[in-house]
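So the chains spell out like this:
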Amino acid sequence: MSYEYLALAAATCWALGSLMSAQASTHLGAFYFTRWRMLCAGSLLWCIAFSTGGWASLTLSSSAVLVLSGVIGIFIGDTALFASMNRLGPRRAGVLFATHSLFSVILAYLFLGETQWGWTLVGSSLLISGVMVAILFGKRKAEQHAWEANQSQLKSGIALGLLSALCQAVATLMLKPVMETDIDAVAASAVRMTTAFSLHQLIFMLGVKVARAYLPMTKPVFLLVLGNAALSMVLGMTLLLYALRYGDAGMVAILSSVSPVVVLPLLWLVYKRSPAWGAWLGAALTVAGTVLILRS
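The following paragraphs examine the structure supplied in this document. As the structure is a computational prediction, the values presented were derived from the model and not from experiment. (Residues numbered from 1 in each chain as written. Predicted model: local features only at pLDDT ≥ 70, side-chain atom pairs only at ≥ 80, totals over all residues. Heavy atoms only, no water.)

1. Description of the overall build of the protein chain
Argument step 1. Each helix and strand counted, the protein chain has 12 helices and 0 strands in total.
Argument step 2. Listing each helix as α and each strand as β along the protein chain from the N terminus yields α-α-α-α-α-α-α-α-α-α-α-α.
Argument step 3. The C-alpha atoms of the protein chain give a radius of gyration of 18 Å, which matches the 19 Å a tight globule of 296 residues would have.
Argument step 4. Oriented by its inertia axes, the alpha-carbon framework of the protein chain measures out at about 50 × 50 × 35 Å.
Argument step 5. Relative to its 296 residues, the protein chain shows a buried fraction of 51%.
Argument step 6. Taking all contacts inside the protein chain whose residues are at least 6 apart in sequence as the whole, residues at least 24 apart take part in 91%.
Argument step 7. Averaged over its 18 positive side-chain charges, the protein chain has a centre that lies 17 Å from the centre of its 9 negative ones. (Helix = DSSP H or I, 4+ residues; strand = E, 2+ residues; numbered from the N terminus. Rg over C-alpha atoms; globule rule 2.2 N^0.38 Å. Buried < 20%, exposed > 50% of the residue type's maximum accessible area, 1.4 Å probe, protein only. Contact = heavy atoms within 4.5 Å. Lys, Arg positive; Asp, Glu negative; His and termini not counted. Charge placed at Lys NZ, Arg CZ, Asp CG, Glu CD.)

Now the structure itself:
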């Protein structure tokens, strides 16, 4: 499978996983849910890495980069994204986070010498625009989040949203040289996940209020957390690392950013409600951009 399809497959895994996250995150709270999701994902990844022998491919230098990538991309990036959502609501925070693909392209050009020309550039522009349109105009007024009426923390919310996108882009860029070696992608994911979980656990042990659970963990909720971890963080992140091994970091970031569009038909199937006009427009632009990229 080429890196383009690996990146798209990763985005599909994240879209499927997101369907399981809403109920569990609402029940447990975003930080508590994230910590349990990381624990489940890390445990699964290490089991796979030890059973296949992939752990032996880890070196001290590669592990150091993976740890730093986990701190920047998963811990700081996710924390900033949640904080942005608390201030702006999920829709506006999602638009800001979608800029990570733009940051990735710019950083890949500056530090890796990656460039895009011709139909690939046109397709990338259409895809990024489509994702942002789908997020920004993909909901009806009746579906808007209550936080979106809040303007008092607009500046800090925007800053945190852009910070989360930048952290995601920097972490992706850091992974590219590591994944070009013989390192096992599952073991690499395990190191990053364990690092982020350890820091989240530290926050919980320090008694930070936001890290506590809203409601106690139940078996149905745990199964949702486990399913989300397996799809999004085990399979999705591993596919992304394989895509980085074979493809340009900027292009991988662009193609893997389509999950907000992929989730639209899934939401339609689950809730039996047609997406808003903006979602259709964004999806059309995203599909057109993806086709141009794959055919160029």
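The rest of the description comes next.
2. With respect to a nonpolar patch on the surface
Argument step 1. Nonpolar side chains collect at one region of the surface, where Leu-16, Leu-19, Leu-267, Leu-269, Val-270 and Tyr-271 lie side by side and expose about 530 Å² of accessible area between them.
Argument step 2. Put simply, the parts of the chain that give the nonpolar patch at least two residues each are helix H1 (3–28) and helix H11 (259–271). (Patch = residues over 30% accessible without salt bridge, like charges linked within 9 Å, V, L, I, M, F, W, Y side chains within 5 Å. Areas by Shrake-Rupley, 256 points an atom, 1.4 Å probe, with all protein chains shown as cover. Salt bridge = Lys/Arg side-chain N within 4 Å of Asp/Glu carboxyl O.)

3. With respect to the packing of aromatic side chains
Argument step 1. For the structure on display, the rule yields 6 aromatic pairs.
Argument step 2. With 5.6 Å between their ring centres and 35° between their planes, Trp-46 and Phe-50 make a pair best called tilted. Highlighted residues: Trp-46 and Phe-50, both in helix H2 (residues 30–52), separated by 4 residues, approximately one helical turn.
Argument step 3. Ring centres of Phe-50 and Trp-55 lie 5.8 Å apart, and the angle between their planes is 35°; this geometry places the pair in the tilted category.
Argument step 4. The ring centre of Phe-204 lies 4.1 Å from the NZ or CZ of Arg-35, which sits over that ring. (Phe/Tyr/Trp six-rings, centres within 6.5 Å; stacked < 30°, edge-to-face > 60°. Lys NZ or Arg CZ within 6 Å of the ring centre and 35° of its normal.)

4. Describing the state of the cysteines
Argument step 1. Counted under the stated rule, the structure contains 0 disulfides.
Argument step 2. With no disulfide of its own, Cys-47 lies 11 Å from the sulfur of Cys-40, the closest cysteine sulfur. (Disulfide = S-S within 2.5 Å.)

5. What to know about the layout of surface pockets
Which parts of space are left empty comes out when a probe the size of a water molecule is rolled across the atoms.
Argument step 1. Taken as a whole, the second largest pocket holds about 230 Å³ of empty space.
Argument step 2. Lining the second largest pocket we find 17 residues, and of these Val-105, Glu-114, Thr-115, Gln-116 and Leu-121 sit closest to its centre.
Argument step 3. When residues of the lining of the second largest pocket are traced back to their parent elements, those giving at least two are helix H5 (100–112), helix H6 (118–136) and helix H10 (249–255).
Argument step 4. The class makeup of the residues in the lining of the second largest pocket is 10 nonpolar, 5 polar and 2 charged. (1 Å grid on protein atoms, 1.4 Å probe; cavity = no way out; pocket = protein on both sides within 12 Å on 5 of 7 lines; lining within 4 Å. Points joined across faces, edges and corners; volume = space filled by probe spheres on them. Nonpolar A, V, L, I, M, F, W, Y, C, P; charged D, E, K, R; others polar.)

6. Description of the side chain of Arg-35
Argument step 1. With respect to the helices and strands, Arg-35 occurs in helix H2.
Argument step 2. Despite its burial, Arg-35 remains without a salt bridge, the nearest opposite charge being carried by Asp-78 at 12 Å.
Argument step 3. Within polar-contact distance, the side chain of Arg-35 engages the side chain of Gln-201 at 3.5 Å.
Argument step 4. With residues up to four places along the chain from it excluded, the contact list for Arg-35 reads Phe-197, His-200, Gln-201, Phe-204 and Ala-211. (Polar contact = N/O pair within 3.5 Å; in protein donor to acceptor, adjacent residues only side chain to side chain.)

7. Overview of H1
Argument step 1. Between the first and last C-alpha of H1 there are 35 Å, a value that for 26 residues agrees with the 38 Å anticipated at 1.5 Å per step.
Argument step 2. At Ser-21, H1 shows its maximal bend, which comes to roughly 40°.
Argument step 3. Where H1 terminates, the next one or two residues include Gly-29, which has phi positive at roughly 100°. (Expected span 1.5 Å × (residues − 1). Bend = angle between axes of the 7 residues up to and from the residue.)

8. Digging into helix H3 (residues 60–88)
Argument step 1. For H3, which comprises 29 residues, the first-to-last C-alpha distance of 40 Å matches the rise-based estimate of 42 Å (1.5 Å per residue) to within 8%.
Argument step 2. At Gly-77, H3 shows its largest bend, some 30°.
Argument step 3. Looking one or two residues beyond H3, the residue adopting positive phi is Gly-89, at roughly 95°.

9. A short note on the side chain of Asp-78
Argument step 1. Within the secondary structure, Asp-78 is located in helix H3.
Argument step 2. Although Asp-78 lies buried, it forms no salt bridge, and the closest oppositely charged side chain, Arg-37, sits 4.3 Å away as judged by the N-O distance.
Argument step 3. Among all residues touching Asp-78, those that are not within four sequence positions of it are Arg-37, Met-38 and Gly-73.

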